[in-house]
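# Overview (structure and organization)
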Amino acid sequence: MKYLLIPLVFLLCHTALKASKVDTVSTYSPSMRKNIKAVVITPDAIKSSEKLPVLYLLHGYSGNQADWISKVKSVSEYADQYKLIIVCPDGNFSSWYFDSPVDTTFKYETYVSSELVSWIDTHYKTINNKSGRAITGLSMGGHGALFLALKHQDVFGAAGSMSGGVDLRPFPLNWDMAKRLGSYAEFPERWDSHSVINMTHLLTSKTLPLIIDCGTEDFFFPVNVKLHQKLLDNNIPHDFITRKGAHNWEYWSNAISYQVLFFSKFFKTAA
């Protein structure tokens, strides 16, 4: 029996050693003149010359860069499974991932779409064009991912959203949005132009692969259905997933598996 245990122990040790690497890095934002943290997950056992695709994964309102890795343990496994780099930036408590016209200290569109992407491409062996970049996120981050991808289609080749706040206007008093845009009553045009649902004119039938996911018990479900219908009306191909579920980590833990699979297929076809 002891001889049978030797290969088993070796196999278990070997398996334990094969694991993605999780780092918390400090990146500098020239536009905001401050250091911003990001979690970077890299796969195990990659060739020294191998360039990898990157998935940018955004957190929600009141979150930070550690949310995904601390609350969904499988996220680190996806880096190994699909051989990609996963980057989880700190998007601040309530940035909504755009450059605020009210508060010049909030320039998270510039940070994520330009400064962070440049930093990652400089410090890691990446496929440094849009065929090797995708972006998604949950809630505020779902809005942010679509907002950034639609505005910067030269940077991101595919995008997704999980329970995203894709229309800001029905929620004028919620989640510090008025702090970033000014009040809806006073500046309705800002709320219009910063809502993803009003940005579909930037898309054509082949420009940006999209995957949108929202639970039927989610308070953002109605606006996600409206976005889905608008994309259909404009003949914009996209994956739209819905199932029973609310605005919580149980739902997002499930949703991320579909998103990463979608982006993995994109990376393979775009290569």
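Residues numbered from 1 in each chain as written. Predicted model: local features only at pLDDT ≥ 70, side-chain atom pairs only at ≥ 80, totals over all residues. Heavy atoms only, no water.

### Focus: unusual backbone geometry
The cut-off we apply is this: The way it works is that DSSP assigns letters per residue, a run of H or I at least four long becomes a helix, a run of E at least two long becomes a strand, and they are numbered from the N terminus. Working definition: with a 1.4 Å probe on protein chains only, accessible area under 20% of the residue-type maximum means buried, over 50% means exposed, and in between means partly exposed.
One non-glycine residue, Asp 176, lies in the positive phi region at around 65°. Summarising the element assignment, Asp 176 is placed in the loop between strand S6 (158-162) and helix H6 (177-181). Even without a glycine there, the phi angle at Asn 235 is positive, about 55°. With respect to the helices, strands and loops of the structure, Asn 235 is situated in the loop between helix H8 (221-233) and strand S8 (239-241). Residue Asn 235 is classed as exposed on the basis of its relative accessible area of 61%.

### Digging into the confidence of the model for the chain
Rules: By definition, pLDDT measures how confident the predictor is in each residue, and it falls between 0 and 100. Residues count as neighbours in contact if any of their non-hydrogen atoms are within 4.5 Å of one another.
Of the residues in the chain, 93% have a pLDDT of 70 or more, and the chain-wide mean is 93. Note that pLDDT drops below 50 for residues 1-17; the model gives that stretch 1 contact with residues more than four away or on any other chain.

### Details of the packing of helix H4 (residues 108-123) against helix H5 (residues 140-151)
The condition is simple: Angles run from 0 to 180 degrees between N-to-C directions of axes, and those axes are lines fitted to C-alpha atoms, restricted for helices to the stretch in contact. Here is the rule for handedness: rotate from the far helix to the near one, and if that takes an anticlockwise turn smaller than a right angle the crossing is left-handed, while a clockwise turn gives right-handed. Any residue that is not Ala, Val, Leu, Ile, Met, Phe, Trp, Tyr, Cys, Pro, Asp, Glu, Lys or Arg is counted as polar, Gly included; the first ten are nonpolar and the last four charged.
Two numbers describe how H4 lies on H5: the axes approach to 11 Å, and their chain directions differ by 65°. Crossing of H4 over H5 shows right-handed handedness. Across from Glu 109, Val 112 and Ser 113 in H4, the residues of H5 making contact are Phe 147, Leu 148 and Lys 151. Tallied by class, the residues present in the contact of H4 with H5 amount to 3 nonpolar, 1 polar and 2 charged.

### Notes on the packing of aromatic side chains
To keep it simple, the criterion reads: Planes of paired rings set the category: under 30 degrees apart is stacked, over 60 is edge-to-face and the rest tilted, where pairs are Phe, Tyr or Trp rings (Trp by its six-membered ring) whose centres lie within 6.5 Å.
Across all of its chains, the model carries 17 aromatic pairs by this definition. Look at Tyr 56 and Phe 156: their rings are 5.9 Å apart centre to centre, the planes differ by 80°, and that puts the pair in the edge-to-face class. With Tyr 56 in strand S3 (residues 54-58) and Phe 156 in the loop between H5 and S6, the pair connects residues that are 100 residues apart, well separated along the chain. Exposure remark for Tyr 56: the relative accessible area of 0% places this residue in the buried category.

### Observations regarding the nonpolar core
Operational definition: Buried Ala, Val, Leu, Ile, Met, Phe, Trp, Tyr and Cys residues that are joined via side-chain atoms within 4.5 Å together make up what is termed a nonpolar core.
In this structure, Tyr 56, Val 87, Ile 120 and Ile 135 are the most contacted members of the largest nonpolar core, which totals 54 residues. Not counting the four nearest positions on each side in its chain, Tyr 56 is found in contact with Val 87, Leu 116, Val 117, Ile 120, Arg 133, Ala 134, Ile 135, Thr 136 and Phe 156. With 28 residues, the next largest nonpolar core counts Leu 84, Ala 255, Ile 256 and Phe 267 among its residues.

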